[in-house]
Amino acid sequence: MNFQGFRGFFSSKYFGFVLLLLCVFAIGKTMAGGRQTVPIAKDREKSKRTAVLKTGGTDERVEVPTGQFVAGNGVIEPKDRETKVSSHVPGRIAHVLVKEGDKVDAGAPLAEMESDAEKANLAAAEGDLAQAKAELLRTTRGLRREDRDAIVADADGARARAELSKSQATRIETLAGGGAATPDELEKAKRQAEADQRALEAANARKQAAVSGSRSEDVMAAQARVSAAEARRDQAKATFERLTIRAPIAGEVLQLKLRAGEYYNPQGGDPIVIIGDTSKLRVRMDVDERDVAKLKVGAAAFATLTAYPGKRFRGHVVDIGHRMGRKNIRTDDPVERIDTKILEVVFELDDRDGLLPGLRVTSYIEY
């Protein structure tokens, strides 16, 4: 058949009829085979084989335990979770005082930020406070005995000068009445007597103040200056101490996020140090909402992980969440659902050898 013949055949009504017969045959054969819902014996035999990798290891498939279990993904964490320690203010890290794995007490210094300016401000505030306290002490105690004696002596001298000037003025006035003294000499003697009298009054006032001591108003003003200096000292001290990062709890240093010389900005969201109480390890597990009714505190539980194939790390449930939420632990399974609701369940591990916070595990709770 030539090219024109083939073209005529495909364009004829016989080609459509043949194509329809082929489709009906294919559909009938598929329906006759039935639904393949049960694996055949050959496939079951293949699933029992252990895939040996080129490196000599085995695949990461794990055996699913048999029994009444609620299963879910989990992560190992310290007792009461991890604590992320940050600073309130930005700055450059001057010293890191701990290393990963160290055990620290609550309040122990973890790191120090550069604080030269804050240290100088604190020293200046402490100097101002010392000066204010000295002024208060001087105001409260009054003058020294030697100073009081000097003021009293000055007052006695002023009295003697005033009496002498007064007597001289009286004598000159008598002489002026007999023509033995001029009016100018008399006026000068009176002015001198008046000046000496005013000096005596001032000396007596200073003497009275020295003997009576400081006024209550002066003491209150000195006390107010001390209080203000103490407030400035406390403010400078608080600013300086904020640059020392301290442990809020007792625990183990799990991770250092920054090193000496690096700049820290709290707006970045990262902590400086992560610590946790590793005296106990727990597993925080995501439980699907359909299994919530099967949970109870005290139930036996265990965790498995690929790092220890065939081993079960046993424990018991210590806490069940009070609110549904989104998944916390994600796996690498491409078909995993991430929009399902879960409930957080925490169980404490009785066996913790070889485990570290942050390890992902597969968790099982008996019911």
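Residues numbered from 1 in each chain as written. Predicted model: local features only at pLDDT ≥ 70, side-chain atom pairs only at ≥ 80, totals over all residues. Heavy atoms only, no water.

A.B. asks: Talk me through the packing of aromatic side chains; I want residue IDs and the actual numbers.
C.D. replies: One pass over the structure, following the stated rule, counts four aromatic pairs. Ring geometry for phenylalanine 69 versus tyrosine 364: centroids 6.1 Å apart, planes at 70 degrees, classification edge-to-face. Of this pair, phenylalanine 69 sits in strand 1 (residues 69-85) while tyrosine 364 sits in strand 12 (residues 360-366), placing them 295 residues apart in sequence. When its relative accessible area of 19% is taken as the criterion, phenylalanine 69 is described as buried. Relative accessible area serves as the criterion here: at 7%, tyrosine 364 is assigned to the buried category. A centroid spacing of 5.6 Å and a plane angle of 75 degrees characterise the contact between tyrosine 308 and phenylalanine 313, whose relative ring orientation is edge-to-face. Of note, arginine 314 hangs over the ring of phenylalanine 302, and the distance from its end group to the ring centre comes to 5.6 Å. (Phe/Tyr/Trp six-rings, centres within 6.5 Å; stacked < 30°, edge-to-face > 60°. Helix = DSSP H or I, 4+ residues; strand = E, 2+ residues; numbered from the N terminus. Buried < 20%, exposed > 50% of the residue type's maximum accessible area, 1.4 Å probe, protein only. Lys NZ or Arg CZ within 6 Å of the ring centre and 35° of its normal.)

A.B. asks: A description of the pattern of salt bridges should follow, citing residues and the corresponding values.
C.D. replies: Taken as a whole and judged by the stated rule, the model has 16 salt bridges. A salt bridge links glutamate 77 to arginine 284; the shortest N-O distance between them is 2.9 Å. You can see glutamate 77 sitting in strand 1 and its partner arginine 284 sitting in strand 8 (residues 273-288), a full 207 residues away along the chain. Summarising the burial analysis for this pair, glutamate 77 and arginine 284 share the class buried. In this structure, glutamate 194 engages arginine 198 in a salt bridge whose closest nitrogen and oxygen atoms are separated by 4.0 Å. (Salt bridge = Lys/Arg side-chain N within 4 Å of Asp/Glu carboxyl O.)

A.B. asks: So what's going on with the sheet that holds strand 2 (residues 91-96)? Residues and values would help.
C.D. replies: Hydrogen bonds along the backbone pair up the strands of a sheet, which may run parallel or antiparallel. Taken in spatial order, the four strands of this open sheet run 5-4-2-7, and their pairing is antiparallel. In this open sheet, the two strands that pair with only one neighbour each are strand 5 (244-246) and strand 7 (263-264). Here three bridges tie strand 4 (residues 109-113) to strand 5, and the two strands are oriented antiparallel to one another. Looking across to strand 5, one finds that glutamate 112 is bridged to threonine 244. (Pairing = 2+ DSSP bridges.)

A.B. asks: Please provide a residue-by-residue account of the pairing of strand 12, values included.
C.D. replies: Bridge count for strand 1 against strand 12 is seven bridges, and the pairing is antiparallel. Across the sheet, residue asparagine 73 finds its bridge partner in strand 12, namely threonine 362.

A.B. asks: So, unusual backbone geometry: which residues are in play, and what are the values?
C.D. replies: With a phi angle near 60 degrees, aspartate 80 is a residue other than glycine that sits in the positive phi range. By the secondary structure assignment, aspartate 80 is in strand 1. With relative accessibility at 59%, the residue aspartate 80 sits in the exposed group. The phi angle at arginine 81 is positive, at roughly 65 degrees, despite the residue not being glycine. Secondary-structure assignment places arginine 81 in strand 1. For arginine 81, a relative accessible area of 39% gives the class partly exposed.

A.B. asks: I'd like a description of a positive patch on the surface, backed by residues and values.
C.D. replies: Taken together, the side chains of Arg323, Arg326, Arg330 and Lys341 present a region of like positive charge at the surface. Within the secondary structure layout, lysine 341 lies in the loop between strand 10 (313-320) and strand 11 (342-349). (Patch = residues over 30% accessible without salt bridge, like charges linked within 9 Å, V, L, I, M, F, W, Y side chains within 5 Å. Areas by Shrake-Rupley, 256 points an atom, 1.4 Å probe, with all protein chains shown as cover. Lys, Arg positive; Asp, Glu negative; His and termini not counted. Charge placed at Lys NZ, Arg CZ, Asp CG, Glu CD.)

A.B. asks: Give me the lowdown on the environment of valine 253, citing residues and values where you can.
C.D. replies: As for its position among the elements, valine 253 is in strand 6 (residues 251-256). Given the relative accessible area of 1%, valine 253 is considered buried. Between the C-alpha atom of valine 253 and that of isoleucine 274, which follows or precedes it by 21 residues, the distance is 6.2 Å.

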